[in-house]
Amino acid sequence: MPKTENWQWYVEESAPTEAHHHAIENVYFSGRSDFQQVAVISTPVFGKMLILDGDTQSSQGDEKIYHETLVHPAMAGAADRSEVLILGGGEGATLREVLRHPGVKRCTMVDIDGLVVDLSKKYLPEWANGAFDEPRANVVIGDALAYMREHDERYGVIISDLTEPLEDSPSNILFNENVFRLIKSRLADGGVYVLQASTAAFNNYSLHCKMSRTLRRHYKYVTSFFTFVPAFDTDWAFLACSDTVDVAGLDPGAVDAYGKNLRGESFFYDGQTHRRLFSLPLYLRRALAADGPVF
Ligand code: SAM
């Protein structure tokens with residue numbers, strides 16, 4: 001190992017006065033796509049990582065924590081999983097998790113950035129693990145908002161695996177009342193819409209609460225869940241939205257029965273993990289219940 005002072009560092013700031021330093025072992029790619037700054041690097045602890053606009057998207061070491069959490073509670077709760085839509089999801093790991101369920105007839109993934117998808121295929125094949133080549137995968141390069149406007153199919157599960165809706169991000173246009181209404185119109189009866197929904201850390205949960213507050217205007221059940229993602233160095237939150245399914249209330253036995261149908265072994269999510277994901281600390285429950293800004 002080189003001495004600390006000889007490493008180059010990727011520094012991800014979570015606040016102007018807080019940062020996580022990752023030593024860089026290798027840079028596979030660093031450049032700009034038509035939509036965002038893209039880097040693929042490797043680090044000694046987390047292995048390969050995808051970074052967009054300076055934010056870690058996922059790491060080889062712990063991506064299963066993030067992707068199993070994003071996909072499976074919603075899939076376990078949905079009445080019908082035959083048609084699934086992924087908004088974003090560049091690396092292909094969300095697609096991989098969806099296709100582990102044999103009940104999925106088709107999974108459509110719409111990512112705006114062909115460069116991110118190509119780099120993922122080239123440098124991060126462990127993420128998709130062959131999912132891009134499955135006949136059940138329908139991978140579209142394009143804007144997810146335009147896709148939903150142009151196609152009126154309905155889906156049992158819609159998964160939003162988009163970048164954070166920051167001002168200059170291509171995902172920003174997908175976070176407003178009109179788009180939330182559009183997404184709901186594409187959800188089948190008994191369906192679940194799930195989104196990666198920013199951090200749940202005590203010092204940084206305002207965006208998550210804003211998403212939850214807005215979505216509660218649209219759905220009967222909007223439940224927050226979160227887990228620590230080591231590569232993000234923070235608690236990462238998600239929202240499951242439905243008019244019929246209270247995903248938080250799924251019985252751990254039913255989750256385990258669902259898990260038995262999945263291809264291959266899970267790394268993180270099962271009935272017991274489900275309980276932990278949906279068991280929120282008091283400060284977060286208070287923040288979610290409080291009034292505040294909406295989209
Ligand atoms: N795990 C991630 C995180 O922490 O933010 C999200 C992963 S995934 C790589 C995010 C993807 O959303 C990117 O590949 C990006 O190209 C895609 N994206 C952003 N805006 C989009 C849009 N308007 N339509 C489709 N895909 C979009």
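This is a predicted model, so every value here is computed, not measured.

### Quick word on unusual backbone geometry
Trans peptide bonds make up the majority, and among non-glycine residues the majority have a negative phi. In the Ramachandran plot, Asn129 falls in the positive-phi region, its phi being about 50° despite a non-glycine side chain. Relative to the assigned elements, Asn129 resides in the loop between α4 (125–128) and β9 (137–141). Taking the relative accessible area as the measure of exposure, Asn129 reaches 60% and is therefore exposed. Unusually for a residue other than glycine, Asp233 sits at a positive phi of about 60°. Note that Asp233 resides in the loop between β12 (221–229) and β13 (234–242).

### Here's the deal with the sheet that holds strand β8 (residues 106–111)
Whether parallel or antiparallel, the strands of a sheet pair through hydrogen bonds between backbone atoms. Spatial strand order, β9-β8-β7-β10-β11-β13-β12: seven strands in an open sheet with mixed pairing. Only two strands of the sheet have a single neighbouring strand rather than two, namely β9 and β12. The average undirected angle you get between the axes of adjacent strands in this sheet is 15°. Of the strand pairs in this sheet, β12 and β13 are connected by nine bridges, and their pairing is antiparallel. From the neighbouring strand, Val222 faces β13, where its bridge partner is Cys241. Here helix α6 (residues 177–185) sits on the sheet and contacts β7 (83–88), β10 (155–161) and β11 (187–199); the angle it forms with β11, its principal contact strand, is near 140°.

### A look at the domain arrangement of the protein chain
Domain boundaries assigned for the protein chain yield domain 1 (4–57) and domain 2 (63–289). The distance between the C-alpha centroids of domain 1 and domain 2 comes to 24 Å. Contacts between domain 1 and domain 2 engage 20 residues on the former and 19 residues on the latter. For the domain 1 and domain 2 pair, buried surface summed over both sides reaches about 1800 Å², with 65% attributable to carbon and sulfur atoms. Looking at the side of domain 1 facing domain 2, the largest losses of area belong to Phe35, Lys48 and Gln57, adding up to 31% of the total buried there. Between domain 1 and domain 2 we count one salt bridge in total. Across the pair Glu126 and Lys48 runs a salt bridge whose closest N-O atoms are separated by 2.9 Å. Residue assignment for the side of domain 1 that touches domain 2 shows that the elements contributing at least two residues are β1 (8–15), β2 (18–24), β3 (26–32), β4 (37–43), β5 (47–52) and β6 (55–59). Element by element, the count of residues in the side of domain 1 that touches domain 2 is highest for β5, at four residues. Tallied by class, residues from the side of domain 1 that touches domain 2 come to nine nonpolar, seven polar and four charged.

Cut-off values and rules
Residues numbered from 1 in each chain as written. Predicted model: local features only at pLDDT ≥ 70, side-chain atom pairs only at ≥ 80, totals over all residues. Heavy atoms only, no water. Helix = DSSP H or I, 4+ residues; strand = E, 2+ residues; numbered from the N terminus. Buried < 20%, exposed > 50% of the residue type's maximum accessible area, 1.4 Å probe, protein only. Pairing = 2+ DSSP bridges. Axes fitted to C-alpha atoms, helices over the stretch in contact; angles between N-to-C directions. Contact = heavy atoms within 4.5 Å. Domains from an automatic or database assignment. Buried area = accessible area lost by both parts, 1.4 Å probe. Salt bridge = Lys/Arg side-chain N within 4 Å of Asp/Glu carboxyl O. Nonpolar A, V, L, I, M, F, W, Y, C, P; charged D, E, K, R; others polar.

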